[in-house]
Every structure is written in structure tokens, then in C-alpha cells.
Amino acid sequence: MMAESLWREIAGEPRPLATRCTECTRTAFPPASRCRFCGSRNVNQVELAAHAIVEAVSLMGTVLVVHARTTDGVVLLGQAEPAGLVRVGHAVRFRPTGHHMRFELDE
Amino acid sequence: MSRVGIGGVGLTRFTKHPQRDVKSLVEEAVDAALRDAHLELRDMGAIFCGSAYTERNGNGQNSLRDLPTRGIPIVNLENACASGSSAVHEAYAWIRAGLCDAALAIGMDKTSWVSGMLPMPTGRWYFDLGLMTPNWYGLQASRYLAEHGVSERALAAVVVKARAVSFAGDAR
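Residues numbered from 1 in each chain as written. Chains lettered and ligands numbered in written order. Predicted model: local features only at pLDDT ≥ 70, side-chain atom pairs only at ≥ 80, totals over all residues.

As for helix α3 (residues 83-96) of chain B
All names here are of chain B. Test applied: A helix here means a DSSP run of H or I that spans at least four residues, while a strand means a run of E at least two residues long, and both kinds are numbered starting from the N terminus. What a helix should span is 1.5 Å times the count of its residues minus one. Note on burial: count the other C-beta atoms lying within 10 Å of the residue's C-beta; 20 or more is buried, 12 or fewer is exposed, in between is partly exposed, and C-beta positions come from the backbone. An arc is given here, and it is the one of the directions from the helix axis to the C-beta atoms. Residue pairs qualify as contacts under a 7 Å threshold applied to their C-beta atoms, which are placed from the backbone.
Here α3 is 14 residues long and its end C-alpha atoms lie 20 Å apart, about the 20 Å a rise of 1.5 Å per residue gives. For α3, every residue scored as buried is listed here: Ser-83, Gly-84, Ala-87, Glu-90, Ala-91 and Trp-94. Seen along its axis, α3 keeps its buried residues to an arc of 115 degrees; they face one direction. Looking at the buried residues of α3, the elements they touch are β1 (46-50), β2 (74-77) and β3 (103-107). Positive backbone phi, approximately 85 degrees, marks Gly-98, located one or two places after α3.

Looking at the interface of chain A and chain B
Just so we agree on the cut-off: Under the convention adopted here, Pro, Cys and the residues Ala, Val, Leu, Ile, Met, Phe, Trp and Tyr are nonpolar, Asp, Glu, Lys and Arg are charged, and Gly plus all remaining residues are polar.
Of the residues lining the interface, 18 residues belong to chain A; the matching set on chain B comes to 14 residues. Among the secondary structure elements, those contributing two or more residues to the side of chain A that touches chain B are β5 (51-60), β6 (63-70) and β7 (75-81) of chain A. Per-element accounting of the side of chain A that touches chain B gives the leading share, five residues, to β5 of chain A. Tallied by class, the residues present in the side of chain A that touches chain B amount to 11 nonpolar, six polar and one charged.

With respect to the pairing of strand β2 (residues 13-21) of chain A
Residues and elements named next belong to chain A. What counts, and what does not: Paired strands are those between which DSSP finds at least two bridges.
Where strand β1 (residues 7-10) meets β2, four bridges bridge the pair, whose relative direction is antiparallel. Looking at the pairing, Arg-8 lines up with Arg-15 of β2. Between β1 and the antiparallel strand that follows it, β2, lie two residues; Ala-11 among them carries a positive phi value of about 50 degrees. The sheet contact formed by β2 and strand β4 (residues 43-47) spans five bridges and is antiparallel. Bridge pairing links Cys-21 to Val-43 in β4. Where β2 meets strand β3 (residues 27-28), two bridges bridge the pair, whose relative direction is antiparallel. Paired with Arg-20 across the bridge in β3 is Thr-27. Following β2, the chain reverses through five residues before pairing antiparallel with β3; Thr-25 in that reversal takes a positive phi of roughly 65 degrees.

Topic: the domain arrangement of chain B
This is how the line gets drawn: Each domain span listed reflects an automatic or database assignment of domains.
Assigned domains within chain B: domain 1 (22-107) and domain 2 (127-168). If you average the C-alpha positions of domain 1 of chain B and of domain 2 of chain B, the two centres end up 28 Å apart.

Observations concerning the sheet that holds strand β9 (residues 102-105) of chain A
For clarity, the cut-off: For helices, the axis comes from a line fit to the C-alpha atoms of the stretch in contact; other axes are also lines fit to C-alpha atoms, and the angle between any two N-to-C directions lies between 0 and 180 degrees.
Strand order in this closed barrel of five strands is β5-β6-β7-β9-β8 (chain A), and the pairing throughout is mixed. Along the sheet, successive strands turn relative to each other by an average axial angle of 50 degrees, direction set aside. Alignment of β6 of chain A against β7 of chain A, held across five bridges, turns out to be antiparallel. In the sheet register, Arg-69 of chain A faces β7 of chain A, and the bridge partner there is Val-75 of chain A. Sitting on the sheet, helix α4 (residues 133-148) of chain B is in contact with β5 and β6 of chain A, with an inclination near 125 degrees to β5 of chain A.

Observations concerning the environment of Glu-27 of chain B
Relative to the helices and strands, Glu-27 of chain B is located in helix α1 (residues 22-37). Glu-27 of chain B sits 56 residues away from Ser-83 of chain B along the chain, and the two C-alpha atoms are 18 Å apart.

Overview of the domain arrangement of chain A
Residue and element names in this part refer to chain A. Taken domain by domain, chain A consists of domain 1 (3-47) and domain 2 (51-105). Contact residues are listed per partner, giving eight residues for domain 1 and eight residues for domain 2. With three residues, β2 is the largest single contributor of residues to the side of domain 1 that touches domain 2. Residues that form the side of domain 1 that touches domain 2 fall into these classes: seven nonpolar, one polar and no charged.

The following block contains the structure:
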């Protein structure tokens, strides 16, 4: 999957993309041609909220990778900055750079 | 329905072995496991060999070529970090299915040729984040600690125990 298809800018704000299944109604990231939960091909691309809560963190060198659950309930994977400050439970907002999924601490 | 048990185990010390090849490490572990089980290689109805970074075809056949395995089917598996445990599961499944009475499961790899982290594939957005294999486990551990109120010290104690067992070369 191309990195460009992981998000889309809407009204100047980058929003993560996902697919919502019209049969089982579940939403999955990253977007795919089939539902990851039930296998249905009846999926629509949807934009997710740009705000999320950090659920897990893992530091490798200076890079912090997080799982963050958006306010609409989908878990995303990405880098988070500042690496030394982001903790589980923190609120973050989606701020991709280049080809990278990335989050910043929400103010 | 028959029950299946572990008859014996054997492993090499979990450290760098610059003077030894994978074959000699496998031979040592197999000898130890068979001795522990009070069995011979000829008692095995099948051999399952899991490896992920030993990049040869027929890793099991190559590693066991000097041992008396004639007539015993050798099946090689690659399943990343779960290659060894997948070999154990396959041995269990064969015995449980009645295909053999005893089987040998081997997990083998020598990764000390790598400097730093094991190389990750490129061209996938999640690896391009800088994500390495330990990060996946780090994410799971981090969430587990947060959800269950477990301290980092408690998790570290598990690591210390596991490494002590591996370093001693005694899985019992």
C-alpha cells in the first residue's frame, strides 16, 4: 500500500483513512480492498478523527512508535513526538510528515 | 483422545558462538534432548525444524546430515520468531493425529552475524516508520503494563529469569 493513501487532507487538516464495512459495520486501518474482520468486499473508504489517545508506546533509539486510538475508536500506528514526553493515556493529534504516520501531543 | 507430552529438552547456551556453525549447535541440542528423554533418534517418527534467519534450503537436513535420520521425514518451517514454537506445535499435531509416536522439534538460528538489529524489509509504511521487530513486542508490553497495572520492574524480573535460564542452557 502506498503511504499517500493512508491519509487525506480535509479543510486543511490531515485525516487518517480507513475502510468501513457495509456488512459488519466495523472500521479498519489501514484502508484495504476487503474487510479485515469479515472478509467482505463491500467496504467504503472513510476519514477518521485526527485526535487520538495513546494506548501503547515503544521507543527505539530516538524514535517513539505508538498505538493511538482515534476518538472514533480505531487504533493507528505511527511515530509520536516529542519522543521523551509522550506516554500512554496522552492525547495526541494526527500530524503526518512526508510518508510517515506521525502524531504530536494535543494541546 | 491421547495426551501428548514433552519427553525431553535440550538447548545450547544463549550466547555468541563465533567458532561454531549452526550444525554443531543443533547437534548439541538434539543430543541433550534425546538424552533427557532417554530416547534415540531412531525412535522419532518425524523431525520438525524451525528457523527464520538461517538462509539455506533444507536447514533441518543440513544440520542433521551426520546423524542417523535415514527414513525419518524432516520438515522445515519458517515462521519468524515463532519458528521454533511452530515446530513444537507441528510435532504435537503429528503425534496427536496418530502419524507417529514421538517427534523431534528443533528451533535453530545463528544471528550473531548481524551487527545491531536484524534487518527489516523496506517499502512497507510501518517499517518505514523506523519500526523494528522489538517495537511490536514493546507496544504490546507497554499496553499490558498500562491495562493491568503491572510495574516495569515486574516485567524486568521475567526477562532476568528467562535470560538466566537461556544462559545456563537448561530449559528445565
